[in-house]
Amino acid sequence: MQNKLTGHIWELGGGTHLTKLVEVPINPDTLQHLTIAIVIDLSSPDKLWVTLEGLIKTTKERVDHIIKQLNKRDPNFSKTLKKATRHRLGLDKDNIESAEINAFPIPLVIIGSKYDLFQDMDFEEKKLIIGAMRCLAHCNGATLLFTSSKIDSTSKALRHVMNVAAFDGKLNKTSTIEDNKPMYIPAGTDNIDGIGTPPKSLTSIRGNNKTFLESWRSVFCNHFQQVQNDNEHEVGGGENPIHEKQFAEAKVDEARMQKDRVLEAYRRQEHQRWTSRIN
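Report follows, based on the coordinates. Every chain's residues receive numbers from 1 upward, in the order its sequence appears when written. Only residues with pLDDT of at least 70 get local features here, since the model is predicted, and only at 80 or more are side-chain atom pairs given and counted; chain-wide, interface and lining totals rely on the full set of residues. Excluded from the side-chain calculation are hydrogens and water; included are all heavy atoms of the structure.

Take the pattern of salt bridges next. In what follows, salt bridge is the name for a side-chain nitrogen of Lys or Arg lying within 4 Å of a carboxyl oxygen of Asp or Glu. Applying the stated rule across the entire model yields six salt bridges. D64 is paired through a salt bridge with K60; the nearest N and O atoms lie 3.1 Å apart. Of the two residues, D64 and K60 both sit in helix α1 (residues 45-73), four residues apart, roughly one turn of that helix. Partly exposed describes any residue whose relative accessible area lies between the buried limit of under 20% and the exposed limit of over 50%, with all areas from a 1.4 Å probe on protein chains only and scaled to the type maximum. For D64, a relative accessible area of 27% gives the class partly exposed. A salt bridge links K181 to E178; the nearest nitrogen and oxygen atoms lie 3.8 Å apart. For the purposes of this entry, the term helix denotes a DSSP run of H or I that reaches at least four residues, the term strand denotes a run of E that reaches at least two, and both are numbered from the N terminus.

Here we take up the packing of aromatic side chains. In this analysis, rings of Phe, Tyr and Trp, with Trp reduced to its six-membered ring, are considered paired at centre separations within 6.5 Å, and the interplanar angle assigns stacked below 30 degrees, edge-to-face beyond 60, and tilted for intermediate values. Within this structure, the stated rule accounts for five aromatic pairs. Ring geometry for F118 versus F146: centroids 5.8 Å apart, planes at 70°, classification edge-to-face. Separated by 28 residues along the polypeptide, F118 in helix α3 (residues 115-118) and F146 in strand β3 (residues 143-146) bring together distant segments of the chain. With respect to class, F118 is no different from F146; both count as buried.

Time to look at the nonpolar core. Here, nonpolar core means buried Ala, Val, Leu, Ile, Met, Phe, Trp, Tyr and Cys residues that are tied together by side-chain atoms lying within 4.5 Å of each other. L31, I129, M133 and F146 are the most contacted members of the largest nonpolar core, which totals 48 residues. Not counting the four nearest positions on each side in its chain, M133 is found in contact with L42, L48, L52, I110, G112, L144 and F146. Counting seven residues, the second-largest nonpolar core is a separate cluster that includes L145, V161, V164 and Y184. Residues are treated as being in contact if the distance between any of their heavy atoms lies within 4.5 Å.

Laid out in structure tokens, this is it:
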């Protein structure tokens with residue numbers, strides 16, 4: 001009789017609005033078997049960079065916090081994890097791109113969704129979006145793939161990556177990098193020369209900042225002025241519309257408050273549980 005394998009998937013929707021809840025699935029017991037997948041809407045480039053960079057930053061802060069906790073159990077844990085990450089990405093001392101890569105401590109997958117809408121965009125703008133996504137994925141040591149729920153062929157790469165994440169399979173290292181096909185670039189297989197510099201035809205900025213990542217950020221965000229999602233007021237500052245009187249609905253507001261209390265209580269309970277186990 002074959003042993004059954006079980007994979008657990010936690011989904012956190014709503015952009016960056018509920019990022020505090022990453023504390024629940026990212027904990028000392030899950031970290032060494034965890035893969036983070038971030039889904040970004042390719043058809044909304046005006047939210048792409050700020051959302052993706054923000055989610056990577058918030059998630060990495062939580063992962064780094066757990067690594068510090070695990071170092072209390074094993075002082076060599078951080079060093080061992082970093083060595084495993086560099087090996088997974090093919091980074092060694094002689095790799096000239098090592099300085100440009102701030103590798104995510106655990107496997108990271110960046111998924112560009114709504115590829116069907118992306119296909120109909122301006123060619124030059126698509127090149128800019130592809131380059132920006134490749135840059136962010138490469139500089140964070142992530143796997144990158146584009147998908148669409150309306151294009152069956154894109155589901156194959158997604159299923160493969162999810163199977164690798166859930167059941168510790170071997171990642172297919174053969175990339176698909178063509179203008180007229182959805183991207184599939186496994187972690188550690190892209191390079192700065194292949195990504196290139198941002199298209200100069202779209203902006204007067206020449207990308208002369210200190211790093212490769214900063215160059216792409218400047219050009220991309222200059223062409224696509226970044227805005228916060230409507231449901232992310234708490235992250236970007238400003239007021240949350242759920243508290244505005246003109247939107248008040250007694251029954252809905254009461255149910256929302258109850259759900260918020262349940263979520264906050266659960267988050268605190270999980271935090272106390274993992275903290276007590278570490279200490």
